[in-house]
Each structure stands twice: as structure tokens, then as C-alpha cells.
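Below, each chain spelled out in residue letters.
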Amino acid sequence: MTAPWDDWNHVLKIDPDKDLPEGITYGDLCATGTDAIEIGGTMGITEENMEAVVEACAEHDVPLYQEPSNPDVVIDNEALEGYLIPTVFNAGSPFWITGAHKEWVRIDGDLEWDRTTLEAYIVLNPEADVAQLTEADCELSADDVAAYAKIAERMFGQEIVYVEYSGMLGEEAIVEAADGAVDEATLFYGGGIHDYDSAYGMAQHADVIVVGNLAHEDGVDAVRETVDAASDAA
Ligand code: 1GP
């Protein structure tokens, strides 16, 4: 069975806690040619700001996924295709591996399992909010990252492995090692992609590149360049 992300090259991640550049709308971002939009962020996320971004993107023709950072911000909106749920394989605190997930199920009880997919994160920028919050061990070699990617796929049955450098451009050799370690899983890369070349470099190794800050800082043309690079590298 194929999953939607099997066909993706590019994902735009919109953080509801961050503003858009002046004159840019969510509709403009939806029209960049990205394959999907993930709505989520680590800090300052509320049901209200999530809902506002989903509503603003809903009328545009691009699949929308919520990426909740904790159970309190999960929203139920029919414009969403589904939920992509992070689990941080190298977290220092087990809360971010299974604990938050257990709480969500305990509180909610009745999840829509066919619309819910985990993303096996390997977090690598120690300065990023996500690294600090999850107390991630970011001191990892390429072999360590490859081993995490392999266990994510082979032992834990993960469909998506996500090499996350949020806020900085990572090392291509690390992404290449993760790529070599997975077989069926879809490899996402995110962090510091800011132009055609950085997008192309990472897209040579990752199946899907994720672009975040650029949308909030630079706007539509810059995002479109990364979409072009992702499809050129595919
Ligand atoms: C963040 O991987 C994404 O979760 C994208 O990172 O914001 O650095 O582009 P940037």
C-alpha cells in the first residue's frame, strides 16, 4: 500500500506561532507547488492559532496535516488529511518518545488510527527548541544516526524517519547515512533550507525536504525555489 508521502518531494511547515512576511498570505504559500503543508511548531502553539492556520489554508488545493507538539493542541478539523505525530528517538526524556502519546490516547481515547502516522525524529541541532525541550542527545555520529534510522524502520516499523536540524543546515553526510540505512521508510529532512542549492543538496539524499523558517522570513519566491530544487533532485 502506498502512503501519500511516498509521492512527496517537498513539505512546507507552517508555524502558527510565527508571523508571515508582510504582504504574504497563507494562500500564497499554499500555491508554491509544495506537496503538503504540515502545521505545527514547538513553542507557543494553541488550539486557537492551529485552527486559524488550518482555516486559512483549507480553501486551497494542497493536503494539510497537523503536526501537534503535545496532546493539548490536537484539533479536529475536516480540512485536515491527517496527523503526523513526532516521536523523538534520541530524546533524553521518555515523555517525548512515548509519554506524550500515551497521554493523548488516555485523554482522547478514540483516535482516528487510519489518519494518524508517527514520524521518527532524530533531532540534531542542540540549539533548537525541540532539542532543548526533549533533552535530545545531539552528539551523534553518522553511524549513530544511521543506526537510529535503521531501528526506527526495522524494529519500530516506522514509515517516516525525520532527520531534524531545525534552524540550521545539517551535514549532508549525516543525511546520506540515514538514507543508506532505510529501505522502505520515507526519509524526511528539515533544517536551514534557505535557497535552491541548500534544498537541492539535501534533496539528493532525503526523499522529502521540509522547509519551515524560510516561509516566515523570506516568503513565496524563496519557497518556490526550494520546491523546484526538490523536484529537480527527485
Ligand atoms: C522544522 O524541519 C523543520 O521542524 C524545518 O526547519 O525551520 O530550519 O526550515 P527550518
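Refer to the structure above for everything that follows.
These numbers were taken from a predicted model, which means no experiment stands behind them. (Residues numbered from 1 in each chain as written. Predicted model: local features only at pLDDT ≥ 70, side-chain atom pairs only at ≥ 80, totals over all residues. Heavy atoms only, no water.)

Chemist: Can you explain the pairing of strand β2 (residues 36-39)? Please cite residues and give values.
Modeler: Here β2 shows two buried faces, one formed by Ala36 and Glu38 and the other by Ile37 and Ile39. Both strand β1 (residues 10-14) and β2 contribute to a ladder of 4 bridges, which runs parallel. The partner of lysine 13 across the bridge, within β2, is glutamate 38. As paired elements, β2 and strand β3 (residues 64-66) share 3 bridges and run parallel to each other. (Buried < 20%, exposed > 50% of the residue type's maximum accessible area, 1.4 Å probe, protein only. Helix = DSSP H or I, 4+ residues; strand = E, 2+ residues; numbered from the N terminus. Pairing = 2+ DSSP bridges.)

Chemist: Tell me about the packing of helix α7 (residues 196-203) against helix α9 (residues 220-233), residues and numbers included.
Modeler: Look at α7 against α9: their axes get within 8 Å of each other, and the N-to-C directions meet at 30°. Between α7 and α9, the angle falls in the class roughly parallel. Considering the relative orientation of α7 and α9, their crossing is right-handed. Residues Tyr196, Ala199, Tyr200 and Ala203 of α7 form the contact with α9, whose own contacting residues are Glu225, Thr226, Asp228, Ala229, Ala230, Asp232 and Ala233. Class assignment for the residues of the contact of α7 with α9 results in 7 nonpolar, 1 polar and 3 charged. (Axes fitted to C-alpha atoms, helices over the stretch in contact; angles between N-to-C directions. Parallel < 35°, antiparallel > 145°, perpendicular 65-115°, else oblique. Left-handed = near helix turned anticlockwise from the far one by under 90°. Contact = heavy atoms within 4.5 Å. Nonpolar A, V, L, I, M, F, W, Y, C, P; charged D, E, K, R; others polar.)

Chemist: Give me helix α2 (residues 47-58): which residues, what numbers.
Modeler: The first and last C-alpha atoms of α2 sit 16 Å apart over 12 residues, in line with the 16 Å expected at 1.5 Å per residue. Here α2 has its buried residues at Asn49, Met50, Val53, Val54 and Cys57. Considered in projection along α2, the buried side chains sweep an arc of 135° and stay on one side of the axis. Against the buried residues of α2 lie β1, α1 (26-30), β2 and β3. (Expected span 1.5 Å × (residues − 1). Arc of directions from axis to C-beta.)

Chemist: Account for the packing of helix α5 (residues 142-154) against helix α6 (residues 172-181), with residues named and values stated.
Modeler: One way to put it is that α5 packs onto α6 with a least axis distance of 8 Å and a crossing angle of 35°. For the crossing formed where α5 meets α6, the hand is right-handed. In contact with Ala142, Val145, Ala146, Ala149, Lys150 and Glu153 of α5, α6 contributes Ala173, Ile174, Ala177, Ala178 and Ala181. The residue makeup of the contact of α5 with α6, split by class, is 9 nonpolar, no polar and 2 charged.

Chemist: How would you sum up the site of the ligand? Please name residues and give values.
Modeler: In the vicinity of the ligand, the residues found are Lys13, Tyr162, Glu164, Ser166, Gly167, Gly190, Gly191, Gly192, Val210, Gly212 and Asn213. With respect to the ligand, the side chain of glutamate 164 contributes an N or O atom lying 2.5 Å from an oxygen atom. Glycine 191 places a main-chain nitrogen or oxygen 3.4 Å from an oxygen atom of the ligand. Summarising the interface, the protein chains cover 91% of the accessible area of the ligand, which totals 300 Å² for the free molecule. (Near = heavy atom within 4 Å. Polar contact = N/O pair within 3.5 Å; in protein donor to acceptor, adjacent residues only side chain to side chain. Areas by Shrake-Rupley, 256 points an atom, 1.4 Å probe, with all protein chains shown as cover.)

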